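Here is what each chain is made of, one letter per residue.
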Amino acid sequence: MPLHHAVLALLTRRPNHGYELKARFEEAVGPQWGGLNIGHLYQILERLVRDGFVSRSQVTQTDRPDKNLYTLTEAGEAELRKWATTAWVRVGGFRDELFLKLLGAVALGPQALTTLIEAQRQTYLSELAGLAQQRRAHADEPLVAVLIDAAIAHTKADLGLLDSAAQHLGPLATAQSAQAPERSPSRVRGDTDEAPRGRAG
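The following paragraphs examine the structure supplied in this document.

What counts, and at which threshold
Residues numbered from 1 in each chain as written. Predicted model: local features only at pLDDT ≥ 70, side-chain atom pairs only at ≥ 80, totals over all residues. Heavy atoms only, no water. Phe/Tyr/Trp six-rings, centres within 6.5 Å; stacked < 30°, edge-to-face > 60°. Helix = DSSP H or I, 4+ residues; strand = E, 2+ residues; numbered from the N terminus. Buried < 20%, exposed > 50% of the residue type's maximum accessible area, 1.4 Å probe, protein only. Salt bridge = Lys/Arg side-chain N within 4 Å of Asp/Glu carboxyl O. Polar contact = N/O pair within 3.5 Å; in protein donor to acceptor, adjacent residues only side chain to side chain. Contact = heavy atoms within 4.5 Å.

Before going further, it helps to examine the packing of aromatic side chains. According to the stated counting rule, one finds 1 aromatic pair in the structure shown. With a centroid separation of 6.5 Å and an interplanar angle of 70°, the aromatic rings of Tyr19 and Tyr42 are classed as edge-to-face. Taken together, the residues Tyr19 in helix α2 (residues 18-29) and Tyr42 in helix α3 (residues 38-50) connect sequence positions 23 residues apart. Among the residues examined, Tyr42 registers a relative accessible area of 32% and is labelled partly exposed.

Tallied over the full model, the rule gives 9 salt bridges. A salt bridge links Arg64 to Asp63; the shortest N-O distance between them is 4.0 Å. Assigned by exposure class, Arg64 and Asp63 land together as exposed. For the salt bridge of Arg81 with Glu77, the shortest nitrogen-to-oxygen distance reads 3.7 Å. Of this pair, Arg81 and Glu77 both sit in helix α4 (residues 74-84), 4 residues apart, which is roughly one turn of that helix. When its relative accessible area of 53% is taken as the criterion, Arg81 is described as exposed. Salt bridges sharing partners connect three or more residues here, namely Arg47, Arg50 and Asp51.

To continue, consider the side chain of His138. Within the secondary structure, His138 sits in the loop between α6 (110-137) and α7 (142-179). Looking at His138, its side chain comes within polar contact range of the side chain of Glu141, at 2.8 Å.

Here we take up the environment of Leu48. You can see Leu48 is positioned in helix α3. Here the alpha-carbon distance between Leu48 and His5, two residues 43 residues apart in the chain, equals 9.3 Å. Setting aside chain neighbours within four positions, we find Leu48 in contact with His4, Val7, Leu8, Phe53 and Val54.

Spelled out as structure tokens, the structure:
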């Protein structure tokens, strides 16, 4: 539950209400992660309160509705420490749509594979240019900078994958193309192999 633990991390410094947590999360991780849906955040907070990791209290406001204030509990700090000091292990495999696109391009033959690889290469190069701009813009925000560096490294690795795909899948695409059955043009409706039969007279 990475987002649950990120909320616990944000609460280590001081209690917060929901919209403050949303703003602090988005400021902390920067543009690479994306925004945090406020409805989802409140679901997370409800779960953390239920699990005893966070306590909730109401703060009275004179000029607006009362607000809920969320505070990290001792159990929450222990849970955060346990999570934040253990290694992350990938459990879901690599489910990247690119691999499915490669499957489709190989089935269509070498020309389709080359078209996909070159289009994907240009996309990654464009992403790298955008990431470089973000990196310069967030140079004084260490956590955001680390996340952008990770995105840059990942994108560079993806570029290397394209070279591997071209090398290993090119011969397979050629072989698949050679084995594919010829597709005959669709017949015009009403055509048959036999000459039309005349009416019995």
